[in-house]
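# Fold and geometry: a report
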Amino acid sequence: MTHQPEPLLPGVLAIDAGNSKTDVALIGTDGSILGTARGGGFEPQKIGGAAAVAGLAPLVEQAAAEAGHPSWSGVLTGHVSACLANADLPVEEEALRVALESHPWGVGNTVVNDTFGLLRAGTDGPRGVAVVCGAGINCVGLLPDGRTARFPALGELTGDWGGGSGLAVASMWHAVRAEDGRGGPTGLARAIAEHFGLPGAGAVAEAVHLGHLPHARLHEIVRVLFAVADEGDEVARGLIDRQADEIVRLAVVALRRLDLLDTPTPVVLGGGVLASRHPLLLDNVTARLAEAAPLAEPRVVVAPPVLGAALLGLDHLAAGARAQARVREAYEAGRPVAA
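All values reported here derive from a predicted model rather than from experimental measurement. (Residues numbered from 1 in each chain as written. Predicted model: local features only at pLDDT ≥ 70, side-chain atom pairs only at ≥ 80, totals over all residues. Heavy atoms only, no water.)

## Points about the sheet that holds strand β5 (residues 106–113)
Sheet architecture is open: five strands sit in the order β3-β2-β1-β4-β5, paired in mixed fashion. Both outer strands of the open sheet, β3 (33–39) and β5, are each paired with one neighbouring strand and no more. Averaged over all pairs of adjacent strands, the angle between strand axes in this sheet comes to 15°, irrespective of strand direction. Here helix α14 (residues 321–332) sits on the sheet in contact with β2 (22–28) and β3, set at roughly 45° to β3. (Pairing = 2+ DSSP bridges. Helix = DSSP H or I, 4+ residues; strand = E, 2+ residues; numbered from the N terminus. Axes fitted to C-alpha atoms, helices over the stretch in contact; angles between N-to-C directions. Contact = heavy atoms within 4.5 Å.)

What follows is the structure, encoded as structure tokens:
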């Protein structure tokens, strides 16, 4: 029988690594938050899984220092629960789990796509469907017996559309075509140009292409899109309507695959675009969902996504309902600080 090392801090190292930011938290077995840290995005598809995981080390060390252990040896905690963006395929999840094993952070390691973390944050157990619409878009479903519904989520190659990146590019597409005459008029052209302080949407495209404007700033266009849509612009409203349709299509397919269309089932909605709760999108989604899946129970999660990773880790340790309630209360109340 293999001897398991004793962890320095019994509990969970929860990791939520997204496209734009990463949160880590050390959680005690009683659900207390012992230490936290935040860093940049997680991009194994660009630098490789091992390098991306190694890049988490400063955040783990920062959280450990906040928990009272600025220097430590041995194994830090009982279990690493990692919900990772860009771990879109099971083979990628397994490769990243193996990469985690090379670091002395947990006795055990679990890696899932970050959409499973959203699902856990919005439910009390392993049953339901989640759609994340943040920088990108994805959907998963889960049943208590372990069956899942999931999508490759590899972008246009696998039929995906939308999320902040998709909405921003689509807005630019319409804006530039409106300016040069290939497309119909839209207030997006003027609004995007004004937002970046440039003479036109075409100038914005050139600035991004030449590196004068960071590509990451294109995500700011999503706020512009909703503002223009609020003014009644048909093109902007059409993009939001298309996004709502895509969100509901994903949810309904997942519900159908798991035979849940005829059963009351939580449909968890999250990610920055959905968590903003903009009525033009959220009301559209709920109306479409009510028609296509009347028994679905939509709920929006606005708590930090690392909550889902923490709850999954506590599930693994069989920490109990009181511990789960404690960590949920802390994050949902906006108090993700060390106890």
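Don't stop here, the text continues.
## What to know about the packing of helix α5 (residues 114–121) against helix α13 (residues 306–316)
Packing of α5 against α13 leaves a shortest axis separation of 7 Å and a crossing angle of 80°. Considered as vectors, α5 and α13 are oriented roughly perpendicular to each other. Together, Phe116, Gly117, Arg120 and Ala121 of α5 and Leu307, Gly308, Leu311, Leu312 and Asp315 of α13 make up the contact between the two elements. (Parallel < 35°, antiparallel > 145°, perpendicular 65-115°, else oblique.)

## Quick word on the side chain of Gln243
Inspection of the secondary structure assignment puts Gln243 in helix α10 (residues 234–257). Beyond its immediate chain neighbours, meaning those up to four positions away, Gln243 contacts Cys133, Ile137, Trp161, Gly162, Gly163, Leu167 and Leu281.

## With respect to the packing of aromatic side chains
Inspection of every chain in the model, using the stated rule, returns zero aromatic pairs. Sitting over the face of the ring of Trp161, Arg242 holds its NZ or CZ atom 3.9 Å from the ring centroid. Cation over ring: Arg257 sits above Phe151, and NZ or CZ is 4.6 Å from the ring centre. (Phe/Tyr/Trp six-rings, centres within 6.5 Å; stacked < 30°, edge-to-face > 60°. Lys NZ or Arg CZ within 6 Å of the ring centre and 35° of its normal.)

## Things to note about empty space enclosed by the protein
Any empty space left between atoms is shown by rolling a water-sized probe over those atoms. By the definition in use, this model includes one cavity of 30 Å³ or more. Taken as a whole, the largest cavity holds about 30 Å³ of empty space. At the level of elements, β7 (137–142) and α10 are the ones that each hand at least two residues to the lining of the largest cavity. When its residues are assigned to classes, the lining of the largest cavity shows four nonpolar, one polar and two charged. (1 Å grid on protein atoms, 1.4 Å probe; cavity = no way out; pocket = protein on both sides within 12 Å on 5 of 7 lines; lining within 4 Å. Points joined across faces, edges and corners; volume = space filled by probe spheres on them. Nonpolar A, V, L, I, M, F, W, Y, C, P; charged D, E, K, R; others polar.)

## Description of the confidence of the model for the protein chain
Averaged over every residue, the pLDDT of the protein chain is 94; residues scoring 70 or more account for 97%. Confidence over residues 335–339 falls short of pLDDT 50; this stretch has 14 contacts with residues more than four positions distant or in other chains. (pLDDT = per-residue confidence, 0-100.)

## Details of the layout of surface pockets
Here the second largest pocket defines a volume of roughly 240 Å³. Every residue lining the second largest pocket is counted, 15 residues in all, and those nearest its centre are Val112, Arg120, Leu142, Leu312 and Asp315. At the level of secondary structure, the elements contributing two or more residues to the lining of the second largest pocket comprise β4 (77–84), β5, α5 and α13. Examining the composition of the lining of the second largest pocket, we find that four residues originate from one element, α13, more than from any other. Residues that form the lining of the second largest pocket fall into these classes: six nonpolar, seven polar and two charged.

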